[in-house]
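Structure assessment
Each chain, letter by letter, is given below.
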Amino acid sequence: MPVVEARNITKTYTIANREIRVLDDVSLSVAEGEFLVVEGSSGSGKTTLLSLLSGLDKPSSGRVLLEEMDITEASEDDLAPLRNETIGFVFQSFHLVPSLTALENVMFPAEIRRDPQAHDKAAELLKRVGLQKRSDNYPHQLSGGEMQRVAMCRAVINNPKIIFADEPTGNLDSENGKAVLDLLLEFKKEHQTTLVLVTHSIDIARIADRMIILKDGRIS
Ligand SMILES: Nc1ncnc2c1ncn2[C@@H]1O[C@H](COP(=O)(O)OP(=O)(O)OP(=O)(O)O)[C@@H](O)[C@H]1O
Ligand SMILES: [Mg+2]
């Protein structure tokens with residue numbers, strides 16, 4: 001069963017009266033438990049594709065299905081529980097809440113669900129990526145790679161069915177990159193989590209089930 005499916009999606013942006021077609025009739029189906037890597041040069045539409053598949057943005061045409069539910073026209077209210085429980089998202093720019101500490105950022109999605117273990121789970125996750133001593137730091141007191149790891153912990157705390165991660169190891173040295181990847185792979189093993197990762201890492205592509213390359217708005 002596909003967990004997420006794009007059917008003939010097109011995404012265009014209009015800048016100064018000129019239409020730019022970033023995705024052009026892209027169809028894609030990601031199976032439950034699959035590990036998919038998305039590749040392509042800068043500007044090829046990788047982030048755009050992830051935003052559409054996860055319901056963060058709407059396609060200009062075509063349809064997106066998440067767990068067989070058509071989310072193309074879903075409202076913010078319909079999407080909110082999906083974002084909290086079904087999807088984990090790691091953004092290229094992290095999107096941490098500046099007024100919350102690292103620990104509080106990780107706890108946040110679990111607290112929304114009133115998970116009594118929110119604190120302990122968050123502390124454990126931070127420990128797994130080597131950040132136990134940074135729990136009380138605010139995002140502006142963290143390095144880029146540390147913010148990235150906090151964002152990863154936040155994305156997995158509710159055991160999502162599918163994790164979308166946009167270059168989750170891009171800012172990390174090999175040791176911390178491995179810690180983040182190991183965390184993802186453990187989740188995949190323990191919970192059959194589906195992974196959709198944008199990455200330029202050959203090492204990650206090698207262990208993925210499948211890789212797609214975006215070029216000229218299409219999967220090449
Ligand atoms: N909101 C927007 N308005 C107009 N154009 C946009 C917008 N968002 C993205 N684009 C354009 O769409 C194209 C694809 O952007 P996208 O961010 O998906 O690329 P990417 O493959 O993720 O690149 P990178 O590897 O640099 O992160 C780019 O040419 C970008 O300029
Ligand atoms: Mg991008």
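A few points on the structure. (Residues numbered from 1 in each chain as written. Chains lettered and ligands numbered in written order. Predicted model: local features only at pLDDT ≥ 70, side-chain atom pairs only at ≥ 80, totals over all residues. Heavy atoms only, no water.)

Thoughts on the pattern of salt bridges
To keep things clear, this is the line we draw: Counted as salt bridges are all cases of a side-chain nitrogen of Lys or Arg within 4 Å of a carboxyl oxygen of Asp or Glu. Secondary structure follows DSSP: runs of H or I at least 4 residues long count as helices, runs of E at least 2 residues long count as strands, and numbering of each begins at the N terminus. Throughout, exposure labels follow a simple rule: accessible area from a 1.4 Å probe, protein chains only, divided by the maximum for the residue type, with under 20% read as buried, over 50% as exposed, and the rest as partly exposed.
Under the defined criterion, the tally for this structure stands at 15 salt bridges. Across the pair R218 and D24 runs a salt bridge, and its minimum N-O distance is 3.4 Å. One end of the pair, R218, is in strand β10 (residues 218-219); the other, D24, is in strand β2 (residues 18-31), and 194 residues separate them in sequence. On the basis of relative accessible area, R218 is assigned to the partly exposed category, the value being 41%.

Thoughts on the side chain of E39
Just so we agree on the cut-off: Just so you know, the count uses Lys and Arg for positive and Asp and Glu for negative, and it drops His and the chain ends. Distance and chemistry together define a polar contact, namely a pair of N or O atoms within 3.5 Å, with one atom able to donate a hydrogen and the other to accept it when in protein, and with adjacent residues in sequence counting only for side-chain atoms on both sides. In what follows, residue pairs with any heavy atoms lying within 4.5 Å of each other are defined as contacts.
Assignment of secondary structure puts E39 in strand β3 (residues 35-40). Buried and unpaired, E39 has no salt bridge, with K46 as the nearest side chain of opposite charge at 6.1 Å. One polar contact links E39 to H200, side chain to side chain, over a distance of 3.3 Å. If sequence neighbours within four positions are ignored, E39 has contacts with K46, T199, H200, M211, I212, I213 and L214.

Overview of the nonpolar core
The criterion, for reference: Among buried residues, those of type Ala, Val, Leu, Ile, Met, Phe, Trp, Tyr and Cys that are joined through side-chain atoms within 4.5 Å constitute a nonpolar core.
With 37 residues, the main nonpolar core has V106, L125, V150, M152 and L183 as its most contacted residues. Going through the elements one at a time, β3, α3 (102-112), α4 (118-128), α5 (144-156), β7 (162-166), α6 (174-191) and β8 (194-198) are the ones with two or more residues in this core. Broken down by element, the residue count for this core peaks at 7 residues, all from α5. Excluding residues within four positions of it along the chain, L183 makes contact with L125, R128, V129, M152, C153 and V156. Core analysis: the second largest hydrophobic core is formed by 29 residues, A6, L82, I87 and F89 among them.

A few points about α4
Note the cut-off: The directions from the helix axis to the C-beta atoms form the arc being described.
Among the residues making up α4, those that are buried are A118, A122, L125 and L126. Seen end-on, α4 carries its buried residues on one side only, within an arc spanning 100°. Opposite its buried face, α4 presents the exposed residues D120 and K127, each directed more than 90 degrees away. Each element contacted by the buried residues of α4 is listed here: α3, α5 and α6. Once α4 finishes, G130 follows within two positions and takes phi at roughly 75°, a positive value.

Here we look at the coordination of the magnesium ion (ligand 2)
Definition in use: The donor set comprises N, O and S atoms within 2.8 Å of the metal, extended to 3.2 Å for Na, K and Ca; water molecules are omitted, so apparent gaps in a site may simply reflect that omission.
The protein atoms that coordinate the magnesium ion (ligand 2) are T47 (OG1) and Q92 (OE1), at distances of 2.0 to 2.5 Å. With T47 in helix α1 (residues 46-53) and Q92 in the loop between β6 (87-90) and α3, this residue pair connects regions lying 45 residues apart in the sequence. When its relative accessible area of 33% is taken as the criterion, T47 is described as partly exposed.

These figures come from the coordinates and say nothing about function on their own.
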